[in-house]
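What follows is the residue order along each chain.
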Amino acid sequence: MKGAPTDQKWHVPATEDSPHEGGFRAEIDVTVERGGPRYGELIEQVRTFMDKVRYANPTPELVDEIISDLQEFNAKLDTVLVDEWTSPSGTRIDLPARGNITLPPYEVVDGGEHGVTATVEFRPFHLGGNGVAHGGHVATAFDDLGGMAAALNVHGICRTAYLTVNYRSLTPLSTPLMLRTWVERRDDRKLFVKGTLHDGERLCADLDALFIALRRGQA
Ligand SMILES: CCCCCCCCCCCCCC(=O)SCCNC(=O)CCNC(=O)[C@H](O)C(C)(C)COP(=O)(O)OP(=O)(O)OC[C@H]1O[C@@H](n2cnc3c(N)ncnc32)[C@H](O)[C@@H]1OP(=O)(O)O
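For every chain, the first residue of its written sequence is number 1, and the numbers climb from 1 along that sequence. Owing to the predicted nature of the model, reporting of local features is limited to residues with pLDDT of at least 70; listing and counting of side-chain atom pairs is limited to 80 or more, with chain, interface and lining totals taken over all residues.

### What to know about the pairing of strand β10 (residues 202-213)
What counts here: For two strands to count as paired, DSSP must find a minimum of two bridges between them. Helix and strand definitions follow DSSP, with helices as H or I runs of at least four residues and strands as E runs of at least two, each counted in order from the N terminus.
Sheet analysis places strand β7 (residues 158-167) next to β10, joined by nine bridges and oriented antiparallel. Following the sheet pairing, L163 is matched in β10 by A209. Alignment of strand β9 (residues 190-199) against β10, held across ten bridges, turns out to be antiparallel. Bridge pairing in β10 places F192 opposite L210. Where β9 folds back onto β10 in an antiparallel hairpin, the turn is made up of two residues, including G200, whose phi is positive at roughly 65°.

### Describing helix α3 (residues 135-154)
For the record, the criterion: Each helix should span, by expectation, one fewer than its residue count multiplied by 1.5 Å. Exposed residues have 12 or fewer other C-beta atoms within 10 Å of their own C-beta, buried residues have 20 or more, and partly exposed residues fall in between, where C-beta atoms are placed from the backbone.
In a regular helix each residue adds 1.5 Å, so 20 residues correspond to 28 Å; α3 covers 28 Å between its end C-alpha atoms and thus fits that length. The buried count for α3 comes to 15 of 20 residues, which makes it a mostly enclosed element. Among the residues trailing α3, H155 stands out with phi positive, at a value near 55°.

### A word on the UniProt feature "domain: Thioesterase" (unreviewed entry) in the chain
Note the cut-off: UniProt positions are given in the numbering used here, feature names are shortened, and annotations may be inferred rather than shown by experiment.
Here, UniProt's "domain: Thioesterase" (unreviewed entry) annotation points to residues 130-202. Secondary structure content for residues 130-202 is 27% helix and 47% strand, and the end C-alpha separation is 19 Å.

### Description of the environment of A141
Defined as follows: Each residue gets a C-beta atom placed from its backbone, and two residues are in contact if those atoms lie within 7 Å.
Inspection of the secondary structure assignment puts A141 in helix α3. Take A141: there are 28 C-beta atoms within 10 Å of it, and that puts it in the buried class. Put simply, A141 and L179 are 38 residues apart on the chain and 8.5 Å apart in space, counted from C-alpha to C-alpha. Residues within four places of A141 in sequence aside, it is in contact with P104, Y106, V120 and L179.

### Observations regarding the site of the ligand
Quick reminder of the rule: What makes a residue near a molecule or strand is its C-beta atom, placed from the backbone, lying within 6 Å of it.
With respect to spatial proximity, 20 residues lie near the ligand, and among them A4, G147, M148, T160 and A161 are the closest. Looking at the shell around the ligand, the elements with two or more residues in it are α3, β7 and β10. For the shell around the ligand, the leading source of residues is α3, giving five residues.

Here it is, written out as structure tokens:
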């Protein structure tokens, strides 16, 4: 397992022509093929680029050079743009964080109705200050993996109603951390989700969140 469990069933049927229901698709697209076999390497190169941009102090000449290289890359991608539902990003369950560059890269170790266990490693570009992770990135990891625990519990898409993160100690960068999320209580469409983030035995942060299972067709 990397970005998500592979064997889940989703209860909301997709229509034949347009499986897009409300704000989310009725059926989650899961793929291991979109973007080709090296799509994960592309995402990794983008992350590495962001790491380097975060810490580099380039000369004006190098900035000029990199801008023109990036303009070429962007022009290439302009020729293959698709909508959010058909992009590989977020659907490639064989890749860390489902190939979504905006998420801290995590790998799901175990996932199901009982909850999700994942390893997550905040990158150098996730820096908040003083060499540790930005709290917003910690919340992002909790949101996605808390949302996954809720989704796997109800076999359907859920949306965050509130998300409280308690920052208990500093969260290191470039270190494999253990993130766990689980549904502590369900009340109809309301899923009360808890979570923890550990560096070894040390608790870095914990989560208290409410996710709402979306009604069919809900925007
Ligand atoms: C195999 C592949 C796996 C892939 C896995 C994919 C994982 C992806 C994970 C991605 C994860 C990313 C996820 C994201 O980032 S989702 C993006 C961030 N979230 C949003 O933008 C949400 C914006 N808000 C809304 O859309 C609506 O307000 C929602 C949908 C949340 C509820 O509006 P809705 O009209 O539907 O319902 P309702 O208003 O009748 O409320 C229903 C019940 O809930 C209670 N309530 C509501 N709000 C709150 C609150 N703040 N505190 C306490 N209680 C609250 C409410 O009182 C009521 O209770 P009751 O009266 O019934 O008792």
